Amino acid sequence: MADGEPSGAYREFKALVEAADRKFARARDLPLYGGGDHHSRKAFKAYTRLWRLQQDRRRDLVAAGLRRWEIGEVASRIGQLYYARYLRTAEPRSLVGAYVFYEAIYSRGYFAAPAPANASASAAAGGGAKHQGLLIRYKELRFIARFLVVAMLMRRAEAVDHLVARLRSLVQESKSAYPKTNFKEWKQVLQELDRFLKADGAYKGSRSLRYDNLFDSYASNLASIARFHSKRVLKLKEAVLTSYHRNEVKFTELTLDTFRMLQSLEWEPTGSYQIAVKELTENGTMSDQSGPSGLIDIHLSTEISDGNLPSNPQRAIIYHPTVSHLIAVLATICEELSQDSILLIYISASGLADQNAYHKYASSSSSRLRPASAFSINKPNSHTGSDDHVWLGPRGNGGPNNLYPEDLIPFTRYPLFLVIDSENSHAFKAIHNAEKGEPAALLLSPRIASAMPGIESGNGGQFTYFLTAPMQAFCQLAGITSDIDSDTYANAENILFSALEQYEEILSTSVGLNIVWGQILPDPFLRRLILRFIFCRAVLFYFHPEENGEHLPTCLPSLPESVSPNAKAIKTPVLLLAENLVVSNRFHFGNRT
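Described below are features of the structure shown in this document. Keep in mind the model is a prediction, meaning the values are calculated, not measured.

What counts and how
- Residues numbered from 1 in each chain as written.
- Predicted model: local features only at pLDDT ≥ 70, side-chain atom pairs only at ≥ 80, totals over all residues.
- Heavy atoms only, no water.
- Phe/Tyr/Trp six-rings, centres within 6.5 Å; stacked < 30°, edge-to-face > 60°.
- Helix = DSSP H or I, 4+ residues; strand = E, 2+ residues; numbered from the N terminus.
- Buried < 20%, exposed > 50% of the residue type's maximum accessible area, 1.4 Å probe, protein only.
- Lys NZ or Arg CZ within 6 Å of the ring centre and 35° of its normal.
- Pairing = 2+ DSSP bridges.
- Axes fitted to C-alpha atoms, helices over the stretch in contact; angles between N-to-C directions.
- Contact = heavy atoms within 4.5 Å.
- Core = buried A, V, L, I, M, F, W, Y, C linked by side-chain atoms within 4.5 Å.
- Expected span 1.5 Å × (residues − 1).
- Salt bridge = Lys/Arg side-chain N within 4 Å of Asp/Glu carboxyl O.

Focus: the packing of aromatic side chains
Applying the stated criterion to the full structure yields 27 aromatic pairs. Ring plane angle 55° and centroid distance 6.2 Å describe the contact between F466 and F535, whose orientation is recorded as tilted. Taken together, the positions of F466 in helix 17 (residues 462-468) and F535 in helix 21 (residues 524-543) put the pair 69 residues apart, joining distant regions of the chain. Judged by relative accessible area, F466 falls into the buried class, the value being 0%. Each member of the aromatic cluster is reached from another via a ring pair, and the members are F466, F474, F535, F541, Y542, F543, F587 and F589. The lysine or arginine in question, R77, covers the ring of F24, its NZ or CZ lying 4.3 Å from the ring centre. Above the plane of the ring of Y99 lies R156, whose end atom (NZ or CZ) is 5.5 Å from the centre.

Digging into the sheet that holds strand 10 (residues 554-556)
Pairing within the open sheet is mixed, and its 6 strands lie in the order 4-1-5-8-9-10. Of all strands in the sheet, those with a lone pairing partner are strand 4 (314-319) and strand 10, marking the two edges. Geometrically, the sheet is characterised by an average inter-axis angle of 10° between neighbouring strands, direction not taken into account. Relative to strand 9 (residues 441-444), strand 8 (residues 416-421) runs parallel, the two being bridged by 4 bridges. Across the sheet, L418 pairs through a bridge with L442, a residue of strand 9. In the packing of helix 12 (residues 256-264) onto the sheet, contacts are made with strand 1 (235-244), strand 4 and strand 5 (341-349), and the angle to strand 1 comes to roughly 170°. Running over the sheet, helix 14 (residues 323-335) touches strand 1, strand 4 and strand 5 and is turned about 170° from strand 1.

Here we look at the nonpolar core
The biggest cluster of nonpolar side chains holds 150 residues, and the ones touching the most others in it are L344, F417, F474, W517, F535, L559 and F587. It is helix 21 that provides the largest number of residues to this core, a total of 15 residues. For F417, the contacting residues outside a window of four places in its chain are I342, L343, L344, I345, A441, L443, W517, I520, L526, L529 and I530. If you look at the next biggest cluster of nonpolar residues, it comprises 32 residues, including Y244, L408, L418 and F428.

So, helix 4 (residues 68-89)
Counted at 1.5 Å a residue, the expected span for helix 4 with its 22 residues is 32 Å, and the 32 Å between its end C-alpha atoms agrees. For helix 4, a buried count of 19 out of 22 residues is recorded, marking the element as mostly surrounded by other parts of the structure. At the C-terminal side of helix 4, A90 shows a positive phi close to 65°.

Concerning the pairing of strand 8
Of all 6 residues in strand 8, 6 are buried, a share of seventy percent or more. Residues L416, L418 and I420 of strand 8 are buried on one face, and the alternating residues F417, V419 and D421, pointing to the opposite face, are buried as well.

Side note on the pattern of salt bridges
Summed over the entire model, instances satisfying the criterion amount to 24 salt bridges. Notably, a salt bridge pairs D21 with R77, separated by 2.9 Å at the nearest N-O pair. Here the residue D21 occupies a position in helix 1 (residues 5-29), and R77 occupies one in helix 4, the gap between them amounting to 56 residues. Residue class for D21 comes out partly exposed when judged on its relative accessible area of 29%. Put simply, R528 and D216 hold a salt bridge, and the shortest N to O gap is 3.0 Å. With R528 in helix 21 and D216 in helix 10 (residues 213-216), this pair connects stretches of sequence that are 312 residues apart. Relative accessible area serves as the criterion here: at 6%, R528 is assigned to the buried category. Each member of the salt-bridge network shares a partner with another, and the members are D21, E73, R77 and K139.

Structure follows, in structure tokens:
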């Protein structure tokens, strides 16, 4: 590279890249909870300066040797910072920012460097070129995996389908272009992805899991709910979400259960907030690849706002934590809780140290021939010798991996809303009346999952599914495996909508409502979880021919009898829903009173 202006610009660019990368590493390595925003801001500032330089001096930089993948690397880091900010702050506009940058990288083919067609061509190109080509290929694979997560969270169905096809073809191309390189880990990524999308299916067709004022808010009940505002009212501002099952459905470090739960704790953006994002082209590129990349706006996420909606509660999403790590996260978050805040703790985990036994147990529904219950009534984990904990660990067993109810009792010094999805969830009843300052609200899953005999029960926690996507959970429980007519499905959703509105009215006007529920009922996210719990309990109650507490979820403190499954107002919508979907013969309405 000759002396002069181009080389000077390129040297400045490389120096800024090194400085920005150091700041990026510090921001990336910090946990996504308990502060640390200043490192993110410093990284954004560094990449803003870097981005402007490559915009203003693009001609000089290209002449000095700047390659397209280097621009892509900068844009990818900006996208990662936006996504990390989304995870840290729960700001959807940051998720939009990540999507816009990732879409621009993809459509312009920044990482689509030509790879050697075969081994002989690779040898002719030289070992250095081959090595660099392989490094760029890995960058592209990792970038598409990140883009896929963002596209799934954005519910961009067409983009997800396109990216899945591109990732699959890219892995195949890589195996041919680099025959001596093992791409086994990427084959495993594809298998995880296929399993995740098959199990979820929510990104296609069905309604968003997010809180939508059009569907989830009932104006007729606002006055009844307002009566609680004269008393102490708690708001959901922080949530800790974690899932730990061996061989559970996941993609990257996002498990299916946490994927569903985190969306259910967000507002659905309104029209002014949703932006038009370009659809991906057939080959993933646009016609003009050589143009300046200034169309990607570094300040995009700060310019998109939705003044019609309050802020989302912040979530700490913890992937496969140890017990000590989980407790440390809870302690950090509790230190920052405000006086009017309540902390939601969501844990989906096995109660069995031998989690292979759990999955075998949980999937046994397809081989049972009982008329309505997929499982034996025997205690599901009597062979383990203990059912007083949930288990956080990859293999083996032992005390350090056991999370006991007593581990969470110290955090009841603060208002706590606890959701446990596990066959050992009942163990956490021990928290009730043992609190250290604030009475806790508990939603606990059934000990035994339910399913139609001979029907694959699917993946992910059934209790979690009811709390996040009750319509889809009902269909899965009833064994509806074929596509439902759109009018029939729309009518079913209207029945569910009316049912939840009625449940809310009964609950908000109940005289005997425990103060624990009363002080959190005004919060829209927690109120929706409670209503869906009532629906879930009623559906499972009528799914089984005889009463058995092992198949029913539990709440503590108890909710009023007016919302119990036996109540006519609770039963009737479930009956109507089953009749609409022509599955009433799979329930037992006649002999349950």
